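# Inside the fold
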Amino acid sequence: MKAISAAALVSGLAAMLGVSAIAQPPTAHPDFSGSYERYGNIFGQPTPAQLADKTIPPRNPPAPLKPGPMKEYQDRLAAIREADRKGTPLASGYVSCLGDGMPMMMNAMFPIEFLITKNQVTVIEEAFTQVRRILLDRPQKNIDDVEPGFYGHAVGHWEGDTLVADTIGIKEDIRYQNVPHTKDLRIKERIHLVAPNILWDEITMEDPAVLEKPWTVTVAYKKMPDYTLLEYICEDNREYKDANGVQQIHVGDTGRK
Amino acid sequence: MKTAIVVVAMLALAAPAFAHHSFAMYDHTKTVTLKGEVTKFQWTNPHGYLEIDVKQKDGTTKHYSLEMTSINMMTRLGWRSNMIKGGDLVVCTIAPLLNGEPAGLLLDVTLPDGRKLEPGVPAVNTFKRTPPEE
C-alpha cells in the first residue's frame, strides 16, 4: 500500500468534510499574541508587595555611559528640567507628531499589541500607530547595509519559550529616555511570558562607543484580554517646535471636527 | 451622576499615566474656573480640545481653547465623543496658559446635568487648585 502522509490524510479528510481551516499542530513556542498594557511600574521606593512580586521586574539600572556621553546626557536632562521650571518646555519628537522609534516604543506608554505569525512577529504601539516587524529565522544584515530609521531592521528566532530579537539601524536622534547612542547601536531583546498574562521584554542595548558595558532594561506588560487597539492619527497637532526648540501651542479653533 | 461615578472610578483604577507632551507651559500654581458655552468638543489626537465662549463682565465674549489629553486615553477612561455638545453650558477648571493667551489645560469639566468629568491629565495633582473667583 502506498504510504500516505498524516498531513495529506488530514487534508483529504478536511476536503471531504468541507472544512476550510483545520487545527494546526501545536507550536513549539507560546502564542502570546494580543493586546497588552504597561505593567509593574515602580514610582519612588518599591513597596514590600512589589519587591515580593516576581512578575514585576526590578528597577532598571541607569545607563552605564562613558564620561563624554554621560555629560551630554546629564546636560540634556538639566536643560529639560530648567526649561520645564521656566514654563518653556523643550520640544520632544512627540510635539512634531513623531513616534518613539526603538526601543522606546517598547515602553508602551499606550497599549501595545503583539501579533505572532510563522515568519514574522509584528509589534504595534497604539500611540502614533507605531509598527515594527521582527523577521523570523533570517540572517541579520550588516549595520552599514541598513538605512538608519526609527525602528531599524529586526530579525528574531525562538529559543524555547523566548522570542529573541536583534535590531540594528536606529537613527542617532531616536533616543531611549534621552540616552545618546551611535549608528552602531544594537538592541537585543528576550521577550517571554513570566505568568499566563504577564509578558516581559528584556532589552539590552549594546553600543561600545558610548556605553561602558551592555545596558539591560526590562519592561513588563499585562494582557488586556478584551481590548482592541484604537486608531491614533495625529489629526490636529496644535503644538509645535519654535526656532529655539521650545514647545509652543497655536491658540484658537483650527476648524477640525 | 452614573457616568461621573464610572469615570472617577476608572480614573482611580488606572495606572499612573505617562505623558507624551509636556504640560509645563501651563500654570501649576493656580487654577481658573470658567463658565461658558461650548462651541465645539473636538475629538482628535494628539489631544482633544474643548472650545468655549465665556461672557465677560463688560458684556463681551471671550473665546477659550482648552486642551485635553489623547482621545485614546479619554476613551479608556470612559469618555465618548458625544458626551459634550455645542451649546452646552459647562463649568471648567483649567490650568491657564502661562503666556496669558486665552487657553488652558482642562483639568475637569462639569456638564449641565451635574456630571463632573476629568480627561485624565497625567500628574494632575501637581496642578495646585485655587478657589473660583467670584
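Residues numbered from 1 in each chain as written. Chains lettered and ligands numbered in written order. Predicted model: local features only at pLDDT ≥ 70, side-chain atom pairs only at ≥ 80, totals over all residues.

### Observations regarding the overall build of chain A
What counts here: Each helix is a run of DSSP H or I of at least 4 residues and each strand a run of E of at least 2, with the numbering of both proceeding from the N terminus. Three exposure classes are used, based on other C-beta atoms lying within 10 Å of a residue's own C-beta, which is placed from the backbone: buried for 20 or more, exposed for 12 or fewer, and partly exposed in between. Here contacts are defined at the residue level, using C-beta atoms placed from the backbone and a cut-off of 7 Å between them.
A count of helices and strands for chain A gives three helices and eleven strands. Starting at the N terminus, the α and β elements of chain A follow one another as α-β-α-α-β-β-β-β-β-β-β-β-β-β. Going through the 257 residues of chain A one by one, you find that 29% of them count as buried. Here the contacts in chain A between residues at least 6 apart in sequence split such that 54% fall between residues at least 24 apart.

### As for the environment of Pro58 of chain A
Residues and elements named next belong to chain A. Among the structural elements, Pro58 can be located in the loop between helix H2 (48-52) and helix H3 (67-85). On the basis of neighbour counts, which here come to 11 C-beta atoms within 10 Å, the residue Pro58 falls in the exposed class. For the pair Pro58 and His250, spaced 192 residues apart in the sequence, the C-alpha separation amounts to 41 Å.

### Points about unusual backbone geometry
Along the chain, Met102 of chain A connects to Pro103 of chain A via a cis peptide bond; the corresponding omega equals -5 degrees. With respect to the secondary-structure elements, Pro103 of chain A resides in the loop between H3 and strand E2 (112-116). Of the consecutive residues Asn45 of chain B and Pro46 of chain B, the connecting peptide bond is found in the cis state with omega at 5 degrees. Mapped onto the secondary structure, Pro46 of chain B falls in the loop between strand E1 (32-42) and strand E2 (49-55). If you check the backbone angles, Ala123 of chain B has positive phi at about 50 degrees while not being a glycine. When you line up the elements, Ala123 of chain B lands in the segment after strand E6 (116-117).

### Re the confidence of the model for chain B
Put simply, the rule is: A residue's pLDDT is the predictor's confidence in that residue, given on a scale from 0 to 100.
The pLDDT averaged across chain B works out to 88; a share of 86% of its residues lies at or above 70. Scored as a complex, the prediction yields pTM 0.87 and ipTM 0.86.

### What about the interface of chain A and chain B?
What counts is decided by this rule: In this classification, the charged set is Asp, Glu, Lys and Arg, the nonpolar set is Ala, Val, Leu, Ile, Met, Phe, Trp, Tyr, Cys and Pro, and all remaining amino acids, among them Gly, are polar.
Contacts between chain A and chain B engage 28 residues on the former and 21 residues on the latter. Tallied by class, residues from the side of chain A that touches chain B come to 14 nonpolar, five polar and nine charged.

### Overview of the nonpolar core
Generally speaking, soluble globular proteins have nonpolar side chains that are buried together. Applicable threshold: Note on terminology: a nonpolar core is any set of buried Ala, Val, Leu, Ile, Met, Phe, Trp, Tyr and Cys residues joined through C-beta atoms within 7 Å.
With 43 residues, the main nonpolar core has Met102, Ala108, Leu199, Met205, Val219 and Tyr221 of chain A as its most contacted residues. Listing elements by their share of this core, those giving two or more residues are E2, strand E3 (120-125), strand E6 (162-168), strand E7 (186-195), strand E8 (198-206) and strand E9 (215-223) of chain A. Counting residues in each nonpolar core, the second largest holds 32 residues, with Met25, Phe41, Trp79 and Cys92 of chain B among its members.

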